[in-house]
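Report on the structure
Chain residues, written in single-letter form:
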Amino acid sequence: ILTFWNPAAERTYGWTRQEAIGHNIHALLNTQFPQPLPEIYQHLFQANHWEGELTHTCQDGSQVIVASRLALRRDDQENALEILEINHDITAQKLAEAALQKAHDELEEWVAQRTQELAEANLALQVEINERKQAEIALQQAEAKYRSIFENAIEGIFQSTVEGHYISANHALAKIYGYESADELIASLTDIEHQLYVDPHRRAEFAEQIRLHSSVIEFESQVYRKDGSIIWISENAHAVYDSTGQFLYYEGTGSDVTTRKQAQEALKASEKELARRERLLSTLVDVQTQLLMQLPED
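Since the model is a prediction, treat every value here as computed from it, not as a measurement. (Residues numbered from 1 in each chain as written. Predicted model: local features only at pLDDT ≥ 70, side-chain atom pairs only at ≥ 80, totals over all residues. Heavy atoms only, no water.)

A few words on the confidence of the model for the protein. Mean pLDDT over the protein stands at 86; residues scoring 70 or higher make up 92%. The low-confidence segment residues 146-153 (pLDDT under 50) makes 14 contacts with residues lying over four places distant or belonging to another chain. (pLDDT = per-residue confidence, 0-100. Contact = heavy atoms within 4.5 Å.)

As a further point, take the pairing of strand S3 (residues 80-89). In this sheet, S3 lies alongside strand S2 (residues 63-74) in antiparallel orientation, the contact comprising nine bridges. Opposite serine 68, over in S3, you have asparagine 87 as the bridge partner. (Pairing = 2+ DSSP bridges. Helix = DSSP H or I, 4+ residues; strand = E, 2+ residues; numbered from the N terminus.)

The subject of this paragraph is the pattern of salt bridges. Opposite charge on two side chains permits pairing when their charged atoms draw close. Taken as a whole, this structure holds eleven salt bridges when the rule is applied. Note that arginine 73 and glutamate 82 form a salt bridge whose closest N and O atoms lie 2.9 Å from each other. We note a salt bridge from arginine 202 to glutamate 205, for which the minimum N-O separation is 2.5 Å. Here the residue arginine 202 and the residue glutamate 205 both occupy positions in helix H10 (residues 201-213), the gap between them amounting to three residues, near one helical turn. (Salt bridge = Lys/Arg side-chain N within 4 Å of Asp/Glu carboxyl O.)

Okay, the sheet that holds strand S7 (residues 230-241) next. Neighbouring strands of a sheet are bound in pairs by backbone hydrogen bonds; such pairs are parallel or else antiparallel. In spatial order, the strands read S5-S4-S8-S7-S6; together these five strands make up an open sheet with antiparallel pairing. In the strand order of this sheet, the two ends are held by strand S5 (166-169) and strand S6 (215-224), each with one partner. Taking each pair of neighbouring strands and ignoring which way they run, the sheet shows an average axis angle of 30 degrees. H10 contacts strand S4 (155-160), S6, S7 and strand S8 (247-256) of the sheet and is inclined by roughly 175 degrees relative to S6. (Axes fitted to C-alpha atoms, helices over the stretch in contact; angles between N-to-C directions.)

Turning our eyes to something else, we now look at the pairing of S2. Strand direction decides the pairing type here: strand S1 (residues 49-57) and S2, joined by nine bridges, are antiparallel. The residue bridging glutamate 53 from the neighbouring strand is alanine 67, located in S2. Where S1 folds back on S2, the antiparallel hairpin that results is connected by five residues, among which glycine 61 adopts a positive phi of roughly 95 degrees. Linking S2 back to S3 in an antiparallel pair, the connection comprises five residues, with glutamate 78 at a positive phi of about 70 degrees.

Bringing unusual backbone geometry into the picture now. Although it is not a glycine, asparagine 48 sits at a positive phi angle of roughly 70 degrees. Tracing the backbone shows asparagine 48 in the loop between helix H4 (37-47) and S1. Residue asparagine 48 is classed as partly exposed on the basis of its relative accessible area of 30%. Positive phi is not limited to glycine here, since glutamate 218 has a value of about 50 degrees. Its location among the elements puts glutamate 218 in strand S6. (Buried < 20%, exposed > 50% of the residue type's maximum accessible area, 1.4 Å probe, protein only.)

Attention now goes to the nonpolar core. Counting 23 residues, the largest nonpolar core has Tyr166, Tyr177, Leu185, Leu196 and Phe206 as its most contacted members. Contributions of two or more residues to this core are made by S5, helix H7 (171-177), H10, S6 and S7. Contacts of tyrosine 177, omitting those with residues within four sequence positions, involve Tyr166, Leu185, Leu196, Val223, Tyr224, Arg225, Lys226 and Ile233. Judged by nonpolar contacts, the second largest core, of 18 residues, contains Trp5, Trp15, Leu29 and Leu70. (Core = buried A, V, L, I, M, F, W, Y, C linked by side-chain atoms within 4.5 Å.)

All right, on to the sheet that holds S2 then. Strands sit in the order S1-S2-S3 across an open sheet of three strands; the sheet is antiparallel. The open sheet has two free edges, formed respectively by S1 and S3, since each of these has just one partner strand. Geometrically, the sheet is characterised by an average inter-axis angle of 30 degrees between neighbouring strands, direction not taken into account. Its contacts with the sheet place helix H5 (residues 91-118) against S1, S2 and S3, and it is angled at close to 130 degrees to S2.

Next comes the structure, spelled out in structure tokens:
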């Protein structure tokens, strides 16, 4: 039974806190599990935690895929008190991965069909076969790089001042930016606007959107890591005020969405490569046809 429902859950699923509290979470969200629920709870009560991917149905009928972490809290006598469930929406990443896989499958199907045709062509078509093999290797390497980035993407938590330095940050955020610890991140980044953002104006836009709308949702920017490399970050944040309404700091989360950006580029490149190959094959077939027509008849 739900006893806690934060604003992020409201945004993701559509139910307000008042609507959700008191309901069975799995009934409310029509949860689809990767394995039988009794097995999940058996693992949870034995290990005090469970991790996996779940599919939830939102209030509007749409579905989201989440990376779910369950933690069992016990009392001093080891009696179970409550289950803490933390869900991170990975729907966009899953869709990007599926789109890339679809492009890969289409390319593989195209390659198989053309290979059979090229087997009957003359030796001049050998160039196309070699090019196809190189494309397969390049695609496999691109997929390996994408999957490596995707599997290591994690979410960070931060608090920062309007002047542009971090008050606090967790290890996940430090790892995203390439630092060994949160302390190193906080000590190193004393001017977020100019040290972190590739386009310093994005920090001003970040602050202006919070001023106008009280929060930012999926605010994407390019940022520098410690080694100077550039990644894409998506931030969800809001302003925190004291009891008198005085602004204190920004508080939010940051996720590395570089994988999604790269997946989009990979998909475009695959489609462009497929079109180029079709044009090339058409040209080669035309040339072969012309050559055959020039051969003398018996």
